[in-house]
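Below, each chain spelled out in residue letters.
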Amino acid sequence: QVQLVESGGGLVQPGGSLRLSCAASGSAFSRYVLGWYRQASEKQRELVAAMSSGGSTNYADSVKGRFTISRDNGKNTMYLQMNSLTPEDTAVYYCYARPSLLSLTSYWGQGTQVTVSS
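Residues numbered from 1 in each chain as written. Predicted model: local features only at pLDDT ≥ 70, side-chain atom pairs only at ≥ 80, totals over all residues. Heavy atoms only, no water.

Caption draft 1: View of the packing of aromatic side chains. All told, the structure shown has four aromatic pairs when counted by the stated rule. Seen from their ring centres, Tyr37 and Tyr96 are 5.0 Å apart, and the 65° between their planes marks the pair as edge-to-face. Of the two residues, Tyr37 is situated in strand β4 (residues 33–39) and Tyr96 in strand β9 (residues 91–98); the sequence distance between them amounts to 59 residues. In this structure Tyr96 comes out as buried when scored by relative accessible area, which is 5%. The rings of Tyr37, Tyr94, Tyr96 and Trp108 are connected pair by pair, giving a single aromatic cluster. One residue, Arg71, lies across the ring of Phe29, its end atom 5.3 Å from the ring centre. (Phe/Tyr/Trp six-rings, centres within 6.5 Å; stacked < 30°, edge-to-face > 60°. Helix = DSSP H or I, 4+ residues; strand = E, 2+ residues; numbered from the N terminus. Buried < 20%, exposed > 50% of the residue type's maximum accessible area, 1.4 Å probe, protein only. Lys NZ or Arg CZ within 6 Å of the ring centre and 35° of its normal.)

Caption draft 2: Structural context of the sheet that holds strand β3 (residues 18–24). Taking strand neighbours across the sheet as the criterion, the four strands line up as β1-β3-β8-β7 in an open arrangement whose pairing is antiparallel. Since the sheet does not close on itself, it has two edges, and those belong to β1 (4–7) and β7 (67–72), each with one partner. The mean angle between the axes of side-by-side strands here comes to 15°, regardless of whether they run parallel or antiparallel. In this structure, β3 lies alongside strand β8 (residues 77–82), joined through six bridges in antiparallel fashion. Considered in β8, the bridge of Cys22 is made with Met78. (Pairing = 2+ DSSP bridges. Axes fitted to C-alpha atoms, helices over the stretch in contact; angles between N-to-C directions.)

Caption draft 3: Geometry of the side chain of Asp89. Secondary-structure assignment places Asp89 in the loop between β8 and β9. Here the side chain of Asp89 touches Arg66 through a polar contact of 2.8 Å, side chain to side chain. When near neighbours in sequence (up to four residues on either side) are disregarded, Asp89 contacts Arg38, Arg66, Phe67, Ser84, Val114 and Val116. (Polar contact = N/O pair within 3.5 Å; in protein donor to acceptor, adjacent residues only side chain to side chain. Contact = heavy atoms within 4.5 Å.)

Caption draft 4: Region of the structure containing the pattern of salt bridges. Tallied over the entire structure, the rule returns four salt bridges. Where Glu46 meets Arg38, a salt bridge forms, and the shortest distance between an N and an O atom there is 2.8 Å. Judged by its relative accessible area of 35%, Glu46 falls in the partly exposed class. Under the relative-accessibility criterion, Arg38 is labelled buried at 6%. A salt bridge links Arg38 to Asp89, with the nearest nitrogen and oxygen atoms 2.9 Å apart. (Salt bridge = Lys/Arg side-chain N within 4 Å of Asp/Glu carboxyl O.)

Caption draft 5: Up close: the state of the cysteines. In this structure the tally under the stated criterion is one disulfide. Linked covalently through their sulfurs, Cys22 and Cys95 form a disulfide whose S-S length is 2.0 Å. Taking the sign of the S-S torsion, about 55° here, the bridge from Cys22 to Cys95 comes out right-handed. Pair noted here: Cys22 is in strand β3 and Cys95 is in strand β9, with a separation of 73 residues, a long-range link. (Disulfide = S-S within 2.5 Å.)

Here's what the structure looks like:
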């Protein structure tokens, strides 16, 4: 079983930056597909960014050029660097990990609140 613990959320002004971290307890972190989702109030959860075990990435159109997903396999940790934040980025952010692309199960962090407001 994989456990994910998130940190780094908070309140920032528009145009500011935050870096979210997600530490994993799994033993095969380097082989996992990783990603970040977010869920705004009264809206569906959406995929923000994803990274394959080989390092390829995909981003939602709304965050391209502003957000960067990364991973440190030596620390079993994934990150989401968020720049040029806007109020539309306000949401609870969740990290996730999948053992493989064909896995039926995803492991989720507890969520961390990001609020962008002046």
